[in-house]
Amino acid sequence: MSTAGQVIRCRAAVCWAPDTPAAIEEIEVAPPEAGEVRIKIVATSLCHSDLYHLLESKAADGFPTVLGHEGAGVVESVGPGVTEFQPGDKVIPLFLCQCKECRFCQSPRTNQCERAWTRIRQEIMAGVESRFTCKGKRVHQLMGTSTFSEYTVVNQIAVTRIDPAAPLDKVCLLGCGICTGYGAAVNTAKVEAGSSCAVFGLGAVGLAAVMGCRAAGAKRIIAVDVNPDKADKARELGATDFLNPNDQNRPIQEVICGMTGGGVDFSLECVGNVEVMRSALEASMEAWGVSVVVGWTDMFDITIRPRHLICGRTWKGSMFGGFKAKDGVAGMVRAYLEKKVKLDEFITHNMALDQVNDAIELMRNSQCVRVVMKVSPE
């Protein structure tokens, strides 16, 4: 029996307030309106940005909410005016949209989309619109997606159709972290063959940055993390060296500069910590180094000395790895199917949606790279 045009009642992990466990609730998901797509989420992974909203920024106005922005699923129905998608398409919802019409989308200089600034309320990490209600209350959709739900509704400019051969429980990772780190290396830093690199932070984003540095042909890739358990995984994905700042008797940037004759050609900060951002900048070669800020935070300011830039360094930021969202994610899915990028190696745990709080604890305690949760049967 078709559910098109009807309210769907389904299970979702609802966070009613900051820093509280998610509750598996029955929510109502309204039919898609003009320009929208309703998606049955098959699989989703947990990203640190979900924890940032829940446990760090704690923006009270951003609750109740359904977390999740790394998901993959199948189109259930489409709203009026939607011609790009049809029921049955395999898709990945996107936190960063690509309308393909605005001046940003038409420019090769950015992967931003002007409509992103009006579609998402950045201060509460939620879509302006929401098709979710629970117990009579409106529930936010995190970044306009909310993949910790059996069904979600997303604007068509924030959905990409993918190869029907793609395994949804693998390619869901491409909704954020893997593209963010990999693209920061190949698109934003533009790592060169034979170069030296340092990657700070070895969560999924940092490990993907290591993979991107290797794909770009870097000769030396120094992986940096305070967790020694990350060393083997980093080497598996291409790192040549591993450094734990806690094992050093001087600042990590000084150690790296000493190892590399003055600093690496490219450094990438994948933590979201302003002190690490400065360390990464100072670890790059003063005369020509490129340092990229990848980790997300909007809670603190950063201070540097002007000479660290005046002498020749370039400091850059990277949102979603510089990928134009629709095109880039579909391309990364093809690259995975062609065995040009790795995804399976990032998945350390497989769980069910009702184990979401266990997944959160694993990531909070740095005991996983990526947890993939099965949400619905395909």
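What counts as what
- Residues numbered from 1 in each chain as written.
- Predicted model: local features only at pLDDT ≥ 70, side-chain atom pairs only at ≥ 80, totals over all residues.
- Heavy atoms only, no water.
- Salt bridge = Lys/Arg side-chain N within 4 Å of Asp/Glu carboxyl O.
- Helix = DSSP H or I, 4+ residues; strand = E, 2+ residues; numbered from the N terminus.
- Buried < 20%, exposed > 50% of the residue type's maximum accessible area, 1.4 Å probe, protein only.
- Pairing = 2+ DSSP bridges.
- Axes fitted to C-alpha atoms, helices over the stretch in contact; angles between N-to-C directions.
- Contact = heavy atoms within 4.5 Å.
- Bend = angle between axes of the 7 residues up to and from the residue.
- Parallel < 35°, antiparallel > 145°, perpendicular 65-115°, else oblique.
- Left-handed = near helix turned anticlockwise from the far one by under 90°.
- Nonpolar A, V, L, I, M, F, W, Y, C, P; charged D, E, K, R; others polar.
- Core = buried A, V, L, I, M, F, W, Y, C linked by side-chain atoms within 4.5 Å.
- Right-handed = clockwise from strand over helix to strand, strands pointing away.
- Phe/Tyr/Trp six-rings, centres within 6.5 Å; stacked < 30°, edge-to-face > 60°.

A word on the pattern of salt bridges
(1) Moving on: The tally for this structure, following the rule as stated, stands at 21 salt bridges.
(2) Moving on: In this structure, K326 engages E84 in a salt bridge whose closest nitrogen and oxygen atoms are separated by 3.2 Å. Taken together, the positions of K326 in helix α10 (residues 325-337) and E84 in the loop between β5 (70-78) and β6 (90-93) put the pair 242 residues apart, joining distant regions of the chain.
(3) Moving on: When its relative accessible area of 4% is taken as the criterion, K326 is described as buried.
(4) Moving on: Here E84 falls in the partly exposed class, since its relative accessible area comes to 35%.
(5) Moving on: In this structure, the salt-bridge partner of R364 is E361, at a minimum N-O distance of 3.1 Å.

Observations regarding the sheet that holds strand β15 (residues 241-243)
(1) Moving on: Read from one edge of the open sheet, six strands run β15-β14-β13-β16-β17-β18, paired in parallel fashion. The two strands at the open ends of the sheet, each matched to only one other strand, are β15 and β18 (314-317). Each strand of the sheet is rotated relative to its neighbour by a mean of 15°, with strand direction disregarded.
(2) Moving on: Strand direction decides the pairing type here: strand β13 (residues 196-200) and strand β16 (residues 266-269), joined by four bridges, are parallel. By the bridge assignment for β16, V199 is matched with L268.
(3) Moving on: Strand contacts of helix α5 (residues 204-215): β13, β14 (220-224) and β16, with the helix running at about 170° to β13, the strand carrying the most contacts.
(4) Moving on: The sheet contacts of helix α8 (residues 274-282) involve β13, β16, β17 (290-293) and β18, and relative to β16 the element is tilted by about 175°.

Observations concerning helix α4 (residues 177-189)
(1) Moving on: Of all the bends in α4, the greatest measures close to 45° and is centred on G183.
(2) Moving on: Of all 13 residues in α4, eleven are buried, a share of seventy percent or more.
(3) Moving on: G177, I178, C179, T180, G181, Y182, G183, A184, A185, T188 and A189 are the residues of α4 that are buried.
(4) Moving on: Once α4 finishes, K190 follows within two positions and takes phi at roughly 60°, a positive value.

Points about the packing of α4 against α5
(1) Moving on: The geometry of α4 relative to α5 is characterised by a closest axis approach of 7 Å and an angle of 40° between their N-to-C directions. With respect to α5, the axis of α4 lies oblique. α4 and α5 meet at a crossing whose hand is right-handed. Residues G177, I178, T180, G181, Y182, A185 and V186 of α4 lie in contact with α5, whose contacting residues are A204, V205, A208, A209, M211, G212, C213 and A215.
(2) Moving on: Classifying every residue of the contact of α4 with α5 by side-chain character gives eleven nonpolar, four polar and no charged.

Points about the nonpolar core
(1) Moving on: F148, V171, L174, I178, C213, L268 and F346 are the most contacted members of the largest nonpolar core, which totals 118 residues.
(2) Moving on: Per-element accounting of this core gives the leading share, eight residues, to α5.
(3) Moving on: Counting twelve residues, the second-largest nonpolar core is a separate cluster that includes L243, V255, I256 and V276.

What to know about the pairing of β16
(1) Moving on: Side-chain alternation along β16 places F266 and L268 on one buried face and S267 and E269 on a second face that is also buried.
(2) Moving on: Here four bridges tie β16 to β17, and the two strands are oriented parallel to one another. Across the sheet, the residue bridging to L268 is V292, located in β17.
(3) Moving on: Crossover β16 to β17 through α8 is right-handed.

Examining the sheet that holds strand β10 (residues 137-141)
(1) Moving on: Around the barrel, five strands lie side by side as β1-β2-β9-β10-β4; this closed barrel has mixed pairing.
(2) Moving on: In this structure, strand β9 (residues 132-134) lies alongside β10, joined through three bridges in antiparallel fashion. The partner of F132 across the bridge, within β10, is V139.

Overview of the packing of helix α1 (residues 48-57) against helix α11 (residues 356-364)
(1) Moving on: Two numbers describe how α1 lies on α11: the axes approach to 11 Å, and their chain directions differ by 95°. Here α11 runs roughly perpendicular to α1, going by the angle between their axes. Along the contact surface, α1 presents H48, L51, L54 and L55, while α11 presents I360, M363 and R364.
(2) Moving on: By residue class, the composition of the contact of α1 with α11 is five nonpolar, one polar and one charged.

Observations concerning the packing of aromatic side chains
(1) Moving on: Tallied over the entire structure, the rule returns one aromatic pair.
(2) Moving on: Measuring from ring centre to ring centre gives 5.2 Å for F95 and F320, while their planes differ by 75°; the resulting arrangement is edge-to-face. Here F95, found in the loop between β6 and α2 (116-119), pairs with F320, found in the loop between β18 and α10; they are 225 residues apart in sequence, far enough to count as distant. Assigned by exposure class, F95 and F320 land together as buried.

Observations concerning unusual backbone geometry
(1) Moving on: In this structure, P64 follows F63 across a cis peptide bond, with omega equal to -5°.
(2) Moving on: Structurally, P64 is set in the loop between α1 and β4 (65-66).
(3) Moving on: Positive phi, normally seen in glycine, also occurs at K135, with a value near 55°.
(4) Moving on: Even without being a glycine, K190 presents a positive backbone phi close to 60°.
(5) Moving on: Mapped onto the elements of the fold, K190 is located in the loop between α4 and β13.

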